[in-house]
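Structural characterization, general
The lines below spell out each chain.
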Amino acid sequence: MNPLDKSFSIDQKITATRPIAEQKGERQRPKSGWLAITGLLLLSALPVLGGVLRLTEARADPESEMLLASSVAIVAHIVAMSVFCLLGAFQFSPALRIRRGWHRSAGRALIPAGFIAALSSVWLAVFFGGPPGEFALAMVRLVFAVPMIMFLVLAVIAITRRDFAGHGAWMTRAYAIAVSGGTQALVFALWTLIIGEVDAFGEARLVAAGFVINSVVAELLIRRRSGRRRRGRSGRGALRDGRAVRSLDAPGEAA
């Protein structure tokens, strides 16, 4: 028997005996991720509505000079954060991420929107002119707005180096901070129902808890992605090594 024919037949047997789930996984289309998108859109709707209400209140209080001076920053923050949260939710769809045209176009809108949202948040906190009781809340937002800017900068650096995994990780961290407003609303609602009303400092603590919860979830998601990539690389490497060894052993057996 020709050694090459025997090697080819062994490769066919290896392919045929591979797990059915693995063979289906290679042919399976990427998931749409509609469940995650729907959840993120609902979570994003809470801070978006809150921003609209805040803008309405600012317009209804013409006596506040600081609100008038900060009106541009407030509008920029609300619009940019709304774009970043709502559009960013669709980036968690595997089916959309593999479409380079969509992913790049959305990214070109998301990154500037993220920078505007974070920088305007810093500006509003630094030049805070609201009630004294809300100063602690403004400082909590400042503490998390600065890391968001850093994450966006690192995401840009990663994509320029074609480090797609790193880019996705840094963008996920930035998005987690941006969408924390929805988590904060849920935490505040649960706390009020179970414990009762809170004062200004209690509200600041709950807002900080929302930021921390989202950041922890983001890190778990990033680690999960990294684990999948490592398992995928090791699986492909083992399959290629196995084929190479069997192909080299077959001619020896025939000889």
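Residues numbered from 1 in each chain as written. Predicted model: local features only at pLDDT ≥ 70, side-chain atom pairs only at ≥ 80, totals over all residues. Heavy atoms only, no water.

Thoughts on the nonpolar core
A general feature of soluble globular proteins is that nonpolar side chains tend to end up buried together. Ranked by internal contacts, the top residues of the largest apolar core, which has 34 residues, are F84, M148 and Y175. Elements supplying a minimum of two residues to this core: α3 (34-59), α5 (71-89), α7 (100-126), α8 (135-160), α9 (164-178) and α11 (200-254). Ranked by residue count, the leading element in this core is α8, at ten residues. Filtering out sequence-adjacent residues up to four positions away, M148 remains in contact with F84, G114, A118, A174, I177 and A178. (Core = buried A, V, L, I, M, F, W, Y, C linked by side-chain atoms within 4.5 Å. Buried < 20%, exposed > 50% of the residue type's maximum accessible area, 1.4 Å probe, protein only. Helix = DSSP H or I, 4+ residues; strand = E, 2+ residues; numbered from the N terminus. Contact = heavy atoms within 4.5 Å.)

Details of the environment of S71
In this fold, S71 is placed in helix α5. Taking relative accessible area as the criterion, S71 reaches 31% and is therefore assigned partly exposed. As for S71 and L124, which are separated by 53 residues in sequence, their C-alpha atoms are 9.8 Å apart.

Focus on the packing of aromatic side chains
Tallied over the full model, the rule gives five aromatic pairs. Measuring from centroid to centroid gives 6.0 Å for F84 and Y175, while their planes differ by 45°, and the two rings are tilted. Here Y175 lies in helix α9 and F84 lies in helix α5, a separation of 91 residues in the sequence. Using a relative accessible area of 1% as the deciding quantity, one classes F84 as buried. What makes Y175 buried here is its relative accessible area of 4%. With 4.3 Å between their ring centres and 10° between their planes, F144 and F211 make a pair best called stacked. (Phe/Tyr/Trp six-rings, centres within 6.5 Å; stacked < 30°, edge-to-face > 60°.)

Side note on the packing of α8 against α9
It is the contact of α8 with α9, at a shortest axis distance of 8 Å, that shows an interaxial angle of 160°. The angle between the axes of α8 and α9 places the two elements in the roughly antiparallel class. Between α8 and α9 lies a crossing whose hand is left-handed. Along the contact surface, α8 presents F144, P147, M148, F151, L152, L154, A155, A158 and I159, while α9 presents F164, G166, H167, W170, M171, R173, A174, I177 and A178. In the contact of α8 with α9, the residues fall into 15 nonpolar, two polar and one charged. (Axes fitted to C-alpha atoms, helices over the stretch in contact; angles between N-to-C directions. Parallel < 35°, antiparallel > 145°, perpendicular 65-115°, else oblique. Left-handed = near helix turned anticlockwise from the far one by under 90°. Nonpolar A, V, L, I, M, F, W, Y, C, P; charged D, E, K, R; others polar.)

So, to be careful, I would describe these as geometric facts and stop short of saying anything about function.
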